[in-house]
Amino acid sequence: MWRIAKDSGALDLNSSYAYLLWCRDFAATSIVADAGDQLAGFVTGYRRPDQPDTLVVWQVAVAESQRGQGIAGQMLAELADRTVVQPPEQRVDRMETTITPDNEASIALFTSFAHERRCRVEQIPLFHPADFPDGHDTEVLFRIGPWCSR
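Summary of the structure given here. (Residues numbered from 1 in each chain as written. Predicted model: local features only at pLDDT ≥ 70, side-chain atom pairs only at ≥ 80, totals over all residues. Heavy atoms only, no water.)

### As for the pattern of salt bridges
Scanning the entire structure with this criterion turns up 9 salt bridges. One salt bridge connects Asp-50 with Arg-48, and the closest N-O pair in it is separated by 3.2 Å. Among the ionic pairs, Glu-122 bridges to Arg-120, the shortest N-O distance being 3.7 Å. A relative accessible area of 55% means that Arg-120 is categorised as exposed. Through salt bridges that share partners, Arg-48, Asp-50, Glu-96 and Arg-143 make up one connected network. (Salt bridge = Lys/Arg side-chain N within 4 Å of Asp/Glu carboxyl O. Buried < 20%, exposed > 50% of the residue type's maximum accessible area, 1.4 Å probe, protein only.)

Here's what the structure looks like:
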């Protein structure tokens, strides 16, 4: 996961240790895709502690050799579909993520996901450049849901 994130050139790179912890602690809200014996991509996510019906997607990445095959969308759909079989108190029917305005691929991915789920998307600036100590662009919060069955 760390290598795919690093090779993306677009994601904020976490430490390799953080990805290992993520796999251990948030496996139920994250997913990986395999292509043979290679990792093709991953989505890391977590349930918001104050809104447990909301899945926050932290990162989506697909290996360069696997891009253009719909893997990212399939992973998001699988994560959403997992929630349907959960007991009511553990179900998730909303998704949030933040995206910088110049990240057209992520905007298209999440907008397409919302369209397939027949739900609305709210876009709200969440963090502004002045909020970051390192010159980061604005992060726009995408709120998706509640979703309907497909």
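Anyway, onward from the coordinates.
### Things to note about the packing of helix α3 (residues 71-82) against helix α4 (residues 104-116)
Contact pair α3 / α4: the axes reach a minimum separation of 10 Å and the direction vectors enclose 45°. When the axes of α3 and α4 are compared, the pair comes out oblique. The interaxial crossing formed by α3 with α4 has right-handed handedness. The segment α3 lies against α4, with Ala-72, Gly-73, Leu-76, Ala-77 and Ala-80 engaging Leu-109, Phe-110 and Phe-113. Of the residues contributing to the contact of α3 with α4, the split by class is 7 nonpolar, 1 polar and no charged. (Axes fitted to C-alpha atoms, helices over the stretch in contact; angles between N-to-C directions. Helix = DSSP H or I, 4+ residues; strand = E, 2+ residues; numbered from the N terminus. Parallel < 35°, antiparallel > 145°, perpendicular 65-115°, else oblique. Left-handed = near helix turned anticlockwise from the far one by under 90°. Contact = heavy atoms within 4.5 Å. Nonpolar A, V, L, I, M, F, W, Y, C, P; charged D, E, K, R; others polar.)

### Structural notes on α3
If you check α3, its first and last C-alpha atoms are 17 Å apart, about what 12 residues at 1.5 Å a residue would give, namely 16 Å. By the burial criterion, the buried members of α3 are Ile-71, Ala-72, Met-75, Leu-76, Ala-77, Leu-79 and Ala-80. (Expected span 1.5 Å × (residues − 1).)

### Some points on the environment of Ala-40
With respect to the secondary-structure elements, Ala-40 resides in strand β2 (residues 38-48). When its relative accessible area of 1% is taken as the criterion, Ala-40 is described as buried. Along the primary structure Ala-40 and Ser-65 are separated by 25 residues, whereas in three dimensions their C-alpha atoms are 8.0 Å apart. Once residues within four sequence positions are removed from consideration, Ala-40 is found in contact with Ile-4, Ala-33, Asp-34, Ala-35, Ala-61, Val-62, Ala-63, Gln-66 and Ile-71.

### Some words on the sheet that holds strand β4 (residues 94-99)
Judged by pairing direction, the sheet is mixed, and its 6 strands sit side by side in the order β1-β2-β3-β4-β6-β5 without closing on themselves. Only two strands of the sheet have a single neighbouring strand rather than two, namely β1 (31-35) and β5 (121-127). Going across the sheet, the axis of each strand differs from the next one's by a mean of 25°, ignoring polarity. Across 6 bridges, β5 lies against strand β6 (residues 139-144) in antiparallel orientation. Bridging across to β6, Phe-127 finds its partner in Glu-139. (Pairing = 2+ DSSP bridges.)

### Quick look at the packing of aromatic side chains
Inspection of every chain in the model, using the stated rule, returns 6 aromatic pairs. Here the aromatic rings of Trp-22 and Phe-26 are separated by 4.8 Å at their centres, their planes lie at 45°, and the arrangement is tilted. A relative accessible area of 32% places Phe-26 in the partly exposed class. Here the aromatic rings of Phe-26 and Tyr-46 are separated by 6.3 Å at their centres, their planes lie at 55°, and the arrangement is tilted. In this pair, Phe-26 sits in the loop between α2 (16-25) and β1 while Tyr-46 sits in strand β2, placing the two residues 20 residues apart along the sequence. Judged by relative accessible area, Tyr-46 falls into the partly exposed class, the value being 25%. (Phe/Tyr/Trp six-rings, centres within 6.5 Å; stacked < 30°, edge-to-face > 60°.)

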